[in-house]
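Next come the chains, spelled out residue by residue.
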Amino acid sequence: MNYSWDWGAVRDSLPLLWDGFLTTLLATVLGTLVAAVLGLVVAVAGRAPTRLVTVPVRVVTEFVRSTPLLVQLVGAYAVFNTVQPLTIGIAVLGVHYAAYLSEVYRAGIDGVPKGQWEACRALSLPPRRTWQAVILPQAVRSVLPALGNYAISMFKETPFLAVITVTEMVAEAREYGADHFTYAETFTLAGLIFLAASYPTSLLMRKLEQRLGH
C-alpha cells in the first residue's frame, strides 16, 4: 500500500500550527522567566544561615526534581482546576525548571572567587549590597549559556501541556491529523518548526558560551 504525501494538508494545517506555536512560545518565554527568577531565589535561600530555611528549600527542590513533569502538570491541574490551564502550565514549567536552575546558579555563586567575598567583608558592605553589586552579576554572567540550554529544553517539553488541555503546537498537529488522517504531514511540519526555532537558538547559546569562556 503506497502512501501519498498530501501537500494540501501541510498548507492547510500551517495556520493552525502557527497559532499553536505562538502558544508554545508564550509558555516557553514566561516559563523561562519564572524559572530564572525562582531558581535564583532558591539558590540564594539555600545559602541562608539557618536550617529553618535551607531544609524546606532542599526538600521541595528534591521533590520537584524527583517527580516527572507530566505528574506535576496533572496534579497541579487537579488542585487548581479553576485556574486557566495555560497559566497552570507556565507555573509548573517554571517551578520544575527552577529546581534545576537553582543548581546552576549555585555553581555560579560557588565559582565566584573567595577574594570577592573577603573584599566585601573588608569594605563592610551589607549583605544585600554584596549580593546585588558583586556576587550575582558575576554568577549570572557565568551561567547564561546553561540558562539558555534549559530554555530550549523547556521549549521542547511544552507538548506535555496538552494533558491539561492546552492546545499548543503538537496538540494542533494531532487534532488536524485526526480530523483529516494526515498525521505524517502535520507531525513532520510541527517537528520542522521545532527544529527551525530551537537549532539556531542552540547555536547562539554555544557562541555565547565560547565568548564568556574567554
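Fair warning: this is a prediction, and the values are worked out from it, not measured in the lab.

Parameters and conventions
Residues numbered from 1 in each chain as written. Predicted model: local features only at pLDDT ≥ 70, side-chain atom pairs only at ≥ 80, totals over all residues. Heavy atoms only, no water. 1 Å grid on protein atoms, 1.4 Å probe; cavity = no way out; pocket = protein on both sides within 12 Å on 5 of 7 lines; lining within 4 Å. Points joined across faces, edges and corners; volume = space filled by probe spheres on them. Helix = DSSP H or I, 4+ residues; strand = E, 2+ residues; numbered from the N terminus. Nonpolar A, V, L, I, M, F, W, Y, C, P; charged D, E, K, R; others polar. Phe/Tyr/Trp six-rings, centres within 6.5 Å; stacked < 30°, edge-to-face > 60°. Buried < 20%, exposed > 50% of the residue type's maximum accessible area, 1.4 Å probe, protein only. Contact = heavy atoms within 4.5 Å. Arc of directions from axis to C-beta. Salt bridge = Lys/Arg side-chain N within 4 Å of Asp/Glu carboxyl O. pLDDT = per-residue confidence, 0-100. Lys, Arg positive; Asp, Glu negative; His and termini not counted. Polar contact = N/O pair within 3.5 Å; in protein donor to acceptor, adjacent residues only side chain to side chain. Patch = residues over 30% accessible without salt bridge, like charges linked within 9 Å, V, L, I, M, F, W, Y side chains within 5 Å. Areas by Shrake-Rupley, 256 points an atom, 1.4 Å probe, with all protein chains shown as cover.

**Looking at the layout of surface pockets**
Reasoning step 1: Its volume calculated, the largest pocket comes out at about 230 Å³.
Reasoning step 2: What lines the largest pocket is a set of 14 residues, and nearest its centre among them are Val42, Gly46, Val57, Glu103 and Arg106.
Reasoning step 3: If you list the elements that add at least two residues to the lining of the largest pocket, you get helix 1 (7-45), helix 2 (51-66) and helix 4 (85-110).
Reasoning step 4: Considering every element that reaches the lining of the largest pocket, the biggest residue donor is helix 2, with six residues.
Reasoning step 5: Residues of the lining of the largest pocket, tallied by class, amount to three nonpolar, four polar and seven charged.

**Quick word on the packing of aromatic side chains**
Reasoning step 1: Summed over the entire model, instances satisfying the criterion amount to nine aromatic pairs.
Reasoning step 2: When the ring of tryptophan 5 is compared with that of tryptophan 7, the centres are 5.8 Å apart and the planes differ by 65°; the resulting orientation is edge-to-face.
Reasoning step 3: For tryptophan 5, a relative accessible area of 35% gives the class partly exposed.
Reasoning step 4: Chaining the aromatic ring pairs together yields one cluster made of Trp18, Phe21, Phe155 and Phe194.

**Remarks on the side chain of serine 13**
Reasoning step 1: Residue position: serine 13 is located in helix 1.
Reasoning step 2: The class for serine 13 is buried, based on a relative accessible area of 0%.
Reasoning step 3: With residues near it in sequence (within four places) discarded, serine 13 still touches Tyr176, Thr186 and Leu189.

**Some remarks on helix 3 (residues 69-79)**
Reasoning step 1: For helix 3, every residue scored as buried is listed here: Leu69, Gln72, Leu73 and Ala76. Each buried residue of helix 3 lies within a common arc of 100° when the element is viewed along its axis, so the set occupies one face. Exposed positions of helix 3 whose direction lies more than 90 degrees from the buried face are Val71 and Ala78.
Reasoning step 2: Where helix 3 is buried, its residues contact helix 2, helix 4 and helix 6 (127-157).

**Some points on the pattern of salt bridges**
Reasoning step 1: Under the counting rule described, the total for this entry stands at six salt bridges.
Reasoning step 2: Taking the shortest distance from any N to any O, the salt bridge between aspartate 12 and arginine 11 comes out at 3.3 Å.
Reasoning step 3: As a salt-bridge pair, aspartate 110 and arginine 106 come within 2.9 Å of each other at their nearest N and O atoms. Within this pair, aspartate 110 and its partner arginine 106 are both found in helix 4, separated by four residues, close to a single helical turn.
Reasoning step 4: In the salt-bridge network here, residues are joined through shared partners; they are Arg47, Glu62, Arg65, Glu103, Arg106 and Asp110.

**Regarding the confidence of the model for the chain**
Reasoning step 1: Of the residues in the chain, 98% have a pLDDT of 70 or more, and the chain-wide mean is 90.
Reasoning step 2: Taken element by element, the chain is modelled with least confidence in helix 5 (residues 114-122), mean pLDDT 83, and with most confidence in helix 3, mean pLDDT 96.

**Details of unusual backbone geometry**
Reasoning step 1: The backbone phi angle of serine 124 is positive, close to 60°, even though this residue is not glycine.
Reasoning step 2: With respect to the helices, strands and loops of the structure, serine 124 is situated in the loop between helix 5 and helix 6.
Reasoning step 3: Of note, phenylalanine 181 is a non-glycine position whose phi angle comes to about 55°, a positive value.

**Things to note about the side chain of glutamate 168**
Reasoning step 1: Examined against the element boundaries, glutamate 168 turns out to sit in the loop between helix 6 and helix 7 (169-180).
Reasoning step 2: One buried charged residue, glutamate 168, forms no salt bridge at all, with the nearest opposite charge on arginine 174 at 5.4 Å.
Reasoning step 3: From its side chain, glutamate 168 meets the backbone nitrogen of valine 170 in a polar contact 2.9 Å long.
Reasoning step 4: In contact with glutamate 168, not counting residues within four places along its chain, are Gly20, Thr23, Thr24, Thr158, Pro159, Leu161 and Ala162.

**Topic: a nonpolar patch on the surface**
Reasoning step 1: Together, Leu25, Leu26, Val29, Leu30 and Leu33 give the surface a local cluster of nonpolar side chains, amounting to about 400 Å² of exposed area.
Reasoning step 2: Its location among the elements puts leucine 25 in helix 1.
Reasoning step 3: A relative accessible area of 36% places leucine 25 in the partly exposed class.

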